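Residue strings, one per chain:
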Amino acid sequence: MPRKEILDQIQKYTHPFRIASGKGFQLRDFDPGDTRGLNMEKGEAAELLQRGTRWLAEEQDMLYAQDRWSLLLVFQAMDAAGKDSTIKHVMSGVNPQGCQVFSFKQPSQEELAHDFMWRYVTRLPVRGQIGIFNRSYYEEVLVVRVHEEILKRQRLPPAFMGARIWDERLADIAHFEEYLTRQGVVILKFFLNLSRDEQKKRFMKRLDNPEKNWKFSVSDVQERRYWDDYMGSYAAAIAATASEHAPWYVVPADNKWFTRLVVAAAIVEAVEKLDLAYPKVSPEQKKELAAARAELAREA
């Protein structure tokens, strides 16, 4: 199938979930179980995903060689939504030398002593690289907003801890992403939209399977009590920071195979638009290559 036809097909599975403007955005309008009417066996889905990962690997090779752009992939979700497995499957064909994954846990004392963006800025991808944030600076307007006691540990001056702090932080993030875009960083943000019922099913599977017990934490159940608060915080964050240069994808997460397809398709579509190519060799470089070839040919 020609590339253009594939891209046209891809858009059918990315554009319904792509949010490039927060105006009128309502999280409740997005169904976590949506598959756009696509019904597939696991084998078919795996084959389609493999095609996407091969394409992505080709593009990443040129991204690395061209050394102009970088790609930042931000993944946010509730527990058990499948962030780790999605990253694993979608990026399976990518050269590890050109890709880094960072998972942000509770901040250290050193990190708390800096501004809230500091620890994320130090992990941004360099030119030619793909950077993946498994949780990100959005935690500062999600978990910190839901659990405001965390905010106290950041030791901000009282004058800056007023009622507008969340709007101000969201504005800071939006301006930061605009700045990064002007530096050649392509930003894609994925919210894996898991339903509360599906989360419960996945938690139960982890508890019922001894080999999966290690993935379960008591805090996972405790956080479920704040589900509505989290959904409100996600809705506010997406509405305030969705833009053409840094879009959000509200990806249905109740069916893992569909989640992976949408994420892979969105990345391929974005990278394809960069019109990447391998660097051209200048006339001077061609002469140097010819001289090197001649020297190697003369060796006994």
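This structure is a prediction, so every number in the text was calculated from the model and none was measured.

**Notes on the overall build of the chain**
Moving on, step 1. Helix and strand counts for the chain stand at 13 helices and 6 strands.
Moving on, step 2. Dimensions of the chain, computed from the C-alpha atoms along their principal axes, are close to 75 × 50 × 40 Å.
Moving on, step 3. With 300 residues in all, the chain has 47% of them scored as buried.
Moving on, step 4. Of the contacts formed within the chain by residues at least 6 apart in sequence, a portion of 81% connects residues at least 24 apart.
Moving on, step 5. Total accessible area on the chain is roughly 16900 Å²; 50% of this is exposed by carbon and sulfur atoms.
Moving on, step 6. Positive and negative side-chain charges of the chain, numbering 44 and 43 respectively, have mean locations separated by a distance of 1 Å.

**Some points on the packing of aromatic side chains**
The description of an aromatic ring pair uses the distance of the two centres, along with the angle that the planes make with each other.
Moving on, step 1. Taken as a whole and assessed by the stated rule, the structure comprises 13 aromatic pairs.
Moving on, step 2. With 6.5 Å between their ring centres and 85 degrees between their planes, Phe133 and Tyr137 make a pair best called edge-to-face.
Moving on, step 3. Taking 5.7 Å as the distance between ring centres and 75 degrees as the angle between the ring planes, the aromatic pair formed by Trp257 and Phe258 counts as edge-to-face.
Moving on, step 4. On the accessibility criterion, Trp257 (21% relative accessible area) is partly exposed.

**Remarks on the sheet that holds strand 2 (residues 70-77)**
Moving on, step 1. Taken in spatial order, the 6 strands make up an open sheet running 1-6-5-2-4-3, and their pairing is mixed. Two strands in the sheet have a free side with no partner beyond their single neighbour: strand 1 (18-19) and strand 3 (99-103).
Moving on, step 2. Relative to the sheet, helix 8 (residues 165-182) contacts strand 2 and strand 5 (185-193), its axis offset from that of strand 5 by approximately 135 degrees.

**Notes on helix 9 (residues 196-208)**
Moving on, step 1. Over its 13 residues, helix 9 extends 18 Å from the first C-alpha to the last, a length consistent with the 18 Å expected when each residue adds 1.5 Å.
Moving on, step 2. Within helix 9, the full set of buried residues consists of Glu198, Gln199, Arg202, Phe203 and Arg206. For helix 9, the angular spread of buried residues about the axis comes to 140 degrees, placing them on one side. Residues of helix 9 that are exposed and point more than 90 degrees away from the buried face comprise Asp197, Lys201, Lys205 and Asp208.

**Side note on helix 11 (residues 227-241)**
In an α-helix there are 3.6 residues to a turn, and that puts residues three or four apart on one side.
Moving on, step 1. Look at helix 11: 21 Å from first C-alpha to last across 15 residues, which is about the 21 Å you get at 1.5 Å a residue.
Moving on, step 2. Along helix 11, the positions that sit buried rather than exposed are Trp227, Tyr230, Met231, Ser233, Tyr234, Ala237, Ile238 and Thr241. All buried residues of helix 11 fall inside an arc of 165 degrees around its axis, so they share one side.

**Topic: the environment of Met204**
Moving on, step 1. By secondary structure assignment, the location of Met204 is in helix 9.
Moving on, step 2. Along the backbone, Met204 and Phe216 are 12 residues apart, and their C-alpha atoms lie at a distance of 9.4 Å.

**Considering the pattern of salt bridges**
Moving on, step 1. Per the stated rule, a full pass over the model turns up 10 salt bridges.
Moving on, step 2. Residue Glu140 is joined to Arg169 by a salt bridge in which the shortest nitrogen-to-oxygen separation is 3.5 Å. Remark: Arg169 occurs in helix 8 and Glu140 occurs in the loop between strand 4 (130-134) and helix 6 (143-146); sequence separation between them is 29 residues. Across the pair, exposure class does not vary: Glu140 and Arg169 are buried alike.
Moving on, step 3. Between Arg164 and Glu168 there is a salt bridge, with its nearest N and O atoms 4.0 Å apart.
Moving on, step 4. For Arg164, a relative accessible area of 52% translates into the label exposed.
Moving on, step 5. Judged by its relative accessible area of 37%, Glu168 is partly exposed.
Moving on, step 6. Overlapping salt bridges bring together Asp79, Arg135 and Glu139 as one network.

**Some thoughts on the nonpolar core**
Moving on, step 1. In terms of nonpolar packing, the biggest core is built from 80 residues, with Leu73, Met91, Tyr137, Tyr138, Phe190 and Ile267 touching the most fellow members.
Moving on, step 2. The leading source of residues in this core is helix 12 (residues 256-272), at 10 residues.

**Some remarks on the packing of helix 8 against helix 11**
Moving on, step 1. Taken N-terminus to C-terminus, the directions of helix 8 and helix 11 make an angle of 45 degrees; their axes are 9 Å apart at the nearest point. The angle between the axes of helix 8 and helix 11 places the two elements in the oblique class. Note that helix 8 runs across helix 11; the crossing there is right-handed. Between helix 8 and helix 11, the contacting residues are Leu170, Ile173, Ala174 and Glu177 on the first element and Ala236, Ala237, Ala240 and Thr241 on the second.

**A look at the packing of helix 3 (residues 83-90) against helix 12**
Moving on, step 1. Interhelical geometry of helix 3 versus helix 12 gives an angle of 55 degrees and a closest axis separation of 10 Å. One way to sum up the angle between helix 3 and helix 12 is to call them oblique. With respect to the hand of their crossing, helix 3 and helix 12 are arranged in right-handed fashion. On the side of helix 3, the interface is formed by Ser85, Thr86, His89 and Val90, while helix 12 contributes Lys256, Thr259, Arg260, Val263, Ala264 and Ile267.

**So, the environment of Ala297**
Moving on, step 1. For Ala297, the position within the fold is in helix 13 (residues 283-298).
Moving on, step 2. We classify Ala297 as exposed; its relative accessible area is 64%.
Moving on, step 3. In the structure, Ala297 is positioned 189 residues away from Ser108 in sequence and 57 Å away in space, judged by C-alpha atoms.

Thresholds, definitions, all that
- Residues numbered from 1 in each chain as written.
- Predicted model: local features only at pLDDT ≥ 70, side-chain atom pairs only at ≥ 80, totals over all residues.
- Heavy atoms only, no water.
- Helix = DSSP H or I, 4+ residues; strand = E, 2+ residues; numbered from the N terminus.
- Buried < 20%, exposed > 50% of the residue type's maximum accessible area, 1.4 Å probe, protein only.
- Contact = heavy atoms within 4.5 Å.
- Areas by Shrake-Rupley, 256 points an atom, 1.4 Å probe, with all protein chains shown as cover.
- Lys, Arg positive; Asp, Glu negative; His and termini not counted.
- Charge placed at Lys NZ, Arg CZ, Asp CG, Glu CD.
- Phe/Tyr/Trp six-rings, centres within 6.5 Å; stacked < 30°, edge-to-face > 60°.
- Pairing = 2+ DSSP bridges.
- Axes fitted to C-alpha atoms, helices over the stretch in contact; angles between N-to-C directions.
- Expected span 1.5 Å × (residues − 1).
- Arc of directions from axis to C-beta.
- Salt bridge = Lys/Arg side-chain N within 4 Å of Asp/Glu carboxyl O.
- Core = buried A, V, L, I, M, F, W, Y, C linked by side-chain atoms within 4.5 Å.
- Parallel < 35°, antiparallel > 145°, perpendicular 65-115°, else oblique.
- Left-handed = near helix turned anticlockwise from the far one by under 90°.

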